Amino acid sequence: MARALPKALTLTDAAAERVRELMARSEKPLIGLRVGVKTRGCSGMSYFVEYAEEKKKFEEVVEDKGVTILIDPAATMFLIGSEMDYAEDKFQSGFTFKNPNEKARCGCGESFSV
């Protein structure tokens, strides 16, 4: 019996609500938000989130809590099993990721390594 693979990405209720808010503000028609990783920061990689007007070749599509997230193909192996959240406090607001693949994170929380 094959073991089930974890979902590529799940969303908290707060993240799904924020995705809906961002999509409602867009002047262009969107199919969802795109999540990926870029090489930068003192630990090596950082997350990025951007508007997605169309699905790119080889992107994984995650539908969770009524919203659509597209995962950049270069990021899939780094994000499998992650949870996307949205947090707001006095100093900052933004999407955050609980990623079981992370091995280290920089002190400021802007970058990570696997």
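Treat the numbers as computed from the prediction; the structure is a model and nothing was measured.

Each value, and the rule that gives it
- Residues numbered from 1 in each chain as written.
- Predicted model: local features only at pLDDT ≥ 70, side-chain atom pairs only at ≥ 80, totals over all residues.
- Heavy atoms only, no water.
- Salt bridge = Lys/Arg side-chain N within 4 Å of Asp/Glu carboxyl O.
- Helix = DSSP H or I, 4+ residues; strand = E, 2+ residues; numbered from the N terminus.
- Buried < 20%, exposed > 50% of the residue type's maximum accessible area, 1.4 Å probe, protein only.
- Pairing = 2+ DSSP bridges.
- Core = buried A, V, L, I, M, F, W, Y, C linked by side-chain atoms within 4.5 Å.
- Contact = heavy atoms within 4.5 Å.

A. Structural view of the pattern of salt bridges. A full pass over the atoms with the stated rule returns seven salt bridges. Between K28 and E53 there is a salt bridge whose closest N-O contact spans 3.6 Å. Of this pair, K28 sits in the loop between α1 (13-25) and β2 (32-39) while E53 is found in the loop between β3 (45-52) and β4 (60-64), placing the two residues 25 residues apart along the sequence. Looking at K28, the relative accessible area reads 51%, which means it is exposed. A relative accessible area of 46% places E53 in the partly exposed class. One salt bridge in this structure joins R34 and E59, with 2.4 Å as the shortest N-O distance. Taken together, the residues R34 in strand β2 and E59 in the loop between β3 and β4 connect sequence positions 25 residues apart.

B. Region of the structure containing unusual backbone geometry. The backbone phi angle of F58 is positive, close to 70°, even though this residue is not glycine. Structurally, F58 is set in the loop between β3 and β4. Positive phi, normally seen in glycine, also occurs at K65, with a value near 55°. Counting through the fold element by element, K65 comes out in the loop between β4 and β5 (67-71). Judged by its relative accessible area of 39%, K65 falls in the partly exposed class.

C. Local environment of the pairing of β5. Most of β5 is tucked away, with five of its five residues classed as buried. Of the two faces of β5, the one holding V67, I69 and I71 and the one holding T68 and L70 are both buried throughout. Of the strand pairs in this sheet, β2 and β5 are connected by three bridges, and their pairing is parallel. Along β5, the bridge assignment pairs L33 with I69. In sequence, β4 turns back onto β5 through a hairpin of two residues, with K65 there showing a positive phi of about 55°.

D. Looking closely at the nonpolar core. Core analysis: the largest hydrophobic core is formed by 21 residues, its most contacted members being L9, L11, V35, I69, I71 and M84. Of all the secondary structure elements, the ones that give two or more residues to this core are β1 (9-11), α1, β2, β3, β5 and α2 (76-79). Here this core takes four residues from α1, the largest share from any one element. Each residue touching L11, except ones within four places of it in the same chain, is listed here: A16, V19, D64, K65, V67, I69 and M84.

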